[in-house]
Amino acid sequence: MGEAVGPHVLVIPYPAQGHMLPLLDLVHLLSSRARLAVTIAVTTKNRHLLDPLLSRSPTVVPLVLPFPDYPALPPGVENAKGLPLAFFRPLTHALAGLQDPLLRWAHSTPHPPTAIISDFFLGWTSDLAAQLGIPRLVFSPSGALVVAVLHVLWRRMPERSDPDDPDCPISFPEIPNSPALPRHQLSFLYRTHIVGEPLSEFIKEGFLKNIASWGFVVNTFADLERVYLDHHRNDLGHPRVWAVGPLAPPDGPAERGGGASAAVGEIMTWLDGCPEGSVLLVAFGSQQVLAPPQAAALAEGLERSGARFIWCATEATVVPKEFEGRVAGRGLVVRGWAPQVAILGHRAVAAFLTHCGWNSVLEAVTAGVAMLTWPMGADQFWNARLVVEEAGVGVALCDDADAVPNADELARVVAESLGESGKGMRERAKELSRRALDAVKGGGSSYKDLEGLVAELSKIRVK
């Protein structure tokens, strides 16, 4: 191949919004701040998701590949958006069909990649890296606590001490603070694992390959998860764990994960008319739809609370009839996508009722907004625990995807979070925001970790 010509990072995202957004923000930093050559591989129907990145990072090169043929998936599916949970494992398995096309590309391109950064659901990329003789770094869109839990789950395969008790907690004494959760709140991929079943074993092998990878890049920051980052370095036996978060769009509040909407101006104007620190934002991410009884209880609780609020409801959420009329003036219901980052950053917003997706948690932390937690799946139960029990910037509201909250209790928690008794929590949220913003500034922990990551990537030479 001749003399090496500097680092070239091949980035492979997992096609789900919560995974892609922070990885694309990292790609922007590697390309625009660090001036690294970056190629990002996507399948045909995910190409448009790169448009915001490519407009601000024009030197990033997209590599567009056909989605692998995979009969177990519905025709045309290339992304997790709106995908029923039953298809999640097949989607993850199907993507491994990109290994050979990526290998052929790497062997034929004039400037072959010198490293791979890929999502933690793409463990097979470790095999690709080994075939190319280059290091693979795992990108975690989740926090360091969740990565620690995943490592224990797939290494040790822990089970309930009492198999007949569905709520019997599974504990993780290897991890700092010895966290524990009931089995039904653990990863769906883990709960559906069947020993010896090929798809299950593929998923397990992928996570074990992550543990053996050359390095980890995590969307978190030291002041939030220092104890878990230190645990990783000790557990993995090397220092190549970089906390580079909170990853966010480079220009402050942006249309993250959506397009400009006619409602944006109306929302911000409505917020401008509210007193500082008086509004609750209610939003449950791009994947979660409340069942009608849940939506009815939420509406009743919001109405009884007397609080100002913005409720971002998915198109499929059934908002009770006449609710909007009864709360007109102090409550706003937004259907479809809403500019969550911009809303959280508005001076009027003081609290956030959230499903605790990690991107939402970090957006709230960055904005200095306290959280009311209602985790529903994936890593959200662990994130809620971190927010409430460790960071002290949230209060638990519900802890189950199927729970129907008590309207009176919900009204009380909402009112308290915005009132005098929630003042300490709101002040802690503002202090954590200062630490998050300091982390990504020059000289901050995440800024330095990004520099350290770039320095290591720049040392790699592939002849």
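Residues numbered from 1 in each chain as written. Predicted model: local features only at pLDDT ≥ 70, side-chain atom pairs only at ≥ 80, totals over all residues. Heavy atoms only, no water.

### Re unusual backbone geometry
- In the segment running from Gly245 into Pro246, the intervening peptide bond is cis, with an omega of -5 degrees.
- Within the fold, Pro246 resides in the loop between β9 (241–243) and α10 (262–272).
- Residue Asn177 is not a glycine yet carries a positive backbone phi of 70 degrees.
- Tracing the chain through its elements places Asn177 in the loop between β6 (169–171) and β7 (180–182). (Helix = DSSP H or I, 4+ residues; strand = E, 2+ residues; numbered from the N terminus.)

### Structural notes on the pairing of strand β1 (residues 8–12)
- For β1, the buried fraction is high: five of the five residues fall into the buried class.
- Neither face of β1 is exposed, since His8, Leu10 and Ile12 on one face and Val9 and Val11 on the opposite face are all buried.
- Where β1 and strand β2 (residues 37–43) come together, four bridges link them in parallel fashion. In the strand pairing of β2, Val11 is matched with Ile40.
- As paired elements, β1 and strand β4 (residues 115–119) share four bridges and run parallel to each other. (Buried < 20%, exposed > 50% of the residue type's maximum accessible area, 1.4 Å probe, protein only. Pairing = 2+ DSSP bridges.)

### Focus on the nonpolar core
- By size, the foremost hydrophobic cluster in this structure holds 97 residues, and its most contacted members are Leu102, Phe172, Leu271, Ile310 and Ile343.
- Among the elements that take part in this core, helix α6 (residues 144–156) stands out by supplying ten residues, more than any other.
- Excluding its chain neighbours within four sequence positions, the residues that come into contact with Phe172 are Val149, Val152, Leu153, Arg156, Pro158, Ser178, Pro179, Ala180, Leu186 and Trp382.
- Leu24, Val27, Ile117 and Leu450 belong to the second largest nonpolar core, which has 30 residues in total. (Core = buried A, V, L, I, M, F, W, Y, C linked by side-chain atoms within 4.5 Å. Contact = heavy atoms within 4.5 Å.)

### A look at the side chain of Ser305
- Within the secondary structure layout, Ser305 lies in helix α11 (residues 292–305).
- For Ser305, a relative accessible area of 14% gives the class buried.
- A polar atom in the side chain of Ser305 sits 2.7 Å from the backbone oxygen of Leu302.
- Discounting chain neighbours no more than four positions away, the residues touching Ser305 are Arg330, Ala411, Val414 and Ala415. (Polar contact = N/O pair within 3.5 Å; in protein donor to acceptor, adjacent residues only side chain to side chain.)

### Looking at the sheet that holds strand β15 (residues 394–396)
- Spatially, six strands are ordered β12-β11-β10-β13-β14-β15 in an open sheet, and the strand pairing comes out parallel. Where the open sheet ends on each side, the last strands, each with one partner, are β12 (331–335) and β15. Neighbour-to-neighbour, the strand axes of the sheet open up by a mean angle of 15 degrees, direction not taken into account.
- Relative to strand β11 (residues 308–313), strand β10 (residues 279–283) is paired through five bridges, and the arrangement is parallel. Its bridge partner lying in β11, Val282 is registered against Trp311. (Axes fitted to C-alpha atoms, helices over the stretch in contact; angles between N-to-C directions.)

### What about the sheet that holds strand β8 (residues 215–218)?
- The sheet built from seven strands is open, its strands ordered β3-β2-β1-β4-β5-β8-β9 with parallel pairing. Edge strands, defined here as strands with exactly one partner in the open sheet, are β3 (61–65) and β9. Taking the axes of each pair of neighbouring strands and ignoring which way they run, one obtains an average angle of 20 degrees across the sheet.
- Lying on the sheet, helix α9 (residues 222–236) is in contact with β8 and β9; it crosses β9 at an angle near 165 degrees.

### Considerations on the packing of aromatic side chains
- Scanning the entire structure with this criterion turns up 13 aromatic pairs.
- Between Phe120 and Phe207, the aromatic rings sit 6.4 Å apart at their centres with planes inclined by 65 degrees, giving edge-to-face as the arrangement. Here Phe120 is found in the loop between β4 and α5 (125–132), whereas its partner Phe207 is found in helix α8 (residues 198–211), with 87 residues between them in sequence.
- The exposure class of Phe120 is buried, given its relative accessible area of 6%.
- Residue classification places Phe207 among the buried residues on the basis of a relative accessible area of 4%. (Phe/Tyr/Trp six-rings, centres within 6.5 Å; stacked < 30°, edge-to-face > 60°.)

### Description of the state of the cysteines
- What the rule picks out here adds up to zero disulfides.
- Cysteine Cys274 remains unbridged, with the sulfur of Cys312 as its closest cysteine sulfur at 14 Å.
- Its relative accessible area of 5% is what places Cys274 among the buried residues. (Disulfide = S-S within 2.5 Å.)

### Re a negative patch on the surface
- A cluster of like negative charges, contributed by Asp162, Asp164, Asp165 and Asp167, occupies part of the molecular surface.
- Here Asp165 lies in the loop between α6 and β6.
- Residue classification places Asp165 among the partly exposed residues on the basis of a relative accessible area of 30%. (Patch = residues over 30% accessible without salt bridge, like charges linked within 9 Å, V, L, I, M, F, W, Y side chains within 5 Å. Areas by Shrake-Rupley, 256 points an atom, 1.4 Å probe, with all protein chains shown as cover. Salt bridge = Lys/Arg side-chain N within 4 Å of Asp/Glu carboxyl O. Lys, Arg positive; Asp, Glu negative; His and termini not counted. Charge placed at Lys NZ, Arg CZ, Asp CG, Glu CD.)

### A word on the pattern of salt bridges
- Here the structure, examined in full by the defined rule, presents 22 salt bridges.
- Among the salt bridges present, the one from Arg233 reaches Asp449, with a minimum N-O distance of 3.8 Å. Of this pair, Arg233 sits in helix α9 while Asp449 is found in helix α18 (residues 445–459), placing the two residues 216 residues apart along the sequence.
- Look at Asp449 and you get buried, because its relative accessible area is 19%.
- Among the ionic pairs, Glu303 bridges to Arg326, the shortest N-O distance being 3.0 Å. A residue pair is termed long-range when its members are at least 10 positions apart, and Glu303 in helix α11 and Arg326 in helix α12 (residues 323–326) qualify at 23 residues.

### Some points on the environment of Trp270
- Examined against the element boundaries, Trp270 turns out to sit in helix α10.
- Between the C-alpha atom of Trp270 and that of Ala348, which follows or precedes it by 78 residues, the distance is 9.9 Å.
- Every residue in contact with Trp270, bar those within four places of it in the chain, is listed here: Val279, Arg308, Phe309, Ile310, Gly329, Arg330, Gly331 and Leu332.

### Re the pairing of strand β14 (residues 370–373)
- Judged by which residues are buried, β14 turns out to be covered on both faces: Ala370 and Leu372 on one side and Met371 and Thr373 on the other are all buried.
- Strand direction decides the pairing type here: strand β13 (residues 349–354) and β14, joined by four bridges, are parallel. Within the sheet, the bridge partner assigned to Ala351 lies in β14 and is Ala370.
- Remark: the β13/helix α14 (residues 358–367)/β14 crossover connection has right-handed handedness.
- Inspection of the sheet shows β14 paired to β15 by three bridges, in the parallel sense. Of the residues in β15, the one forming a bridge with Met371 is Gly394.
- Crossover connection from β14 via helix α15 (residues 380–390) to parallel β15: handedness right-handed. (Right-handed = clockwise from strand over helix to strand, strands pointing away.)

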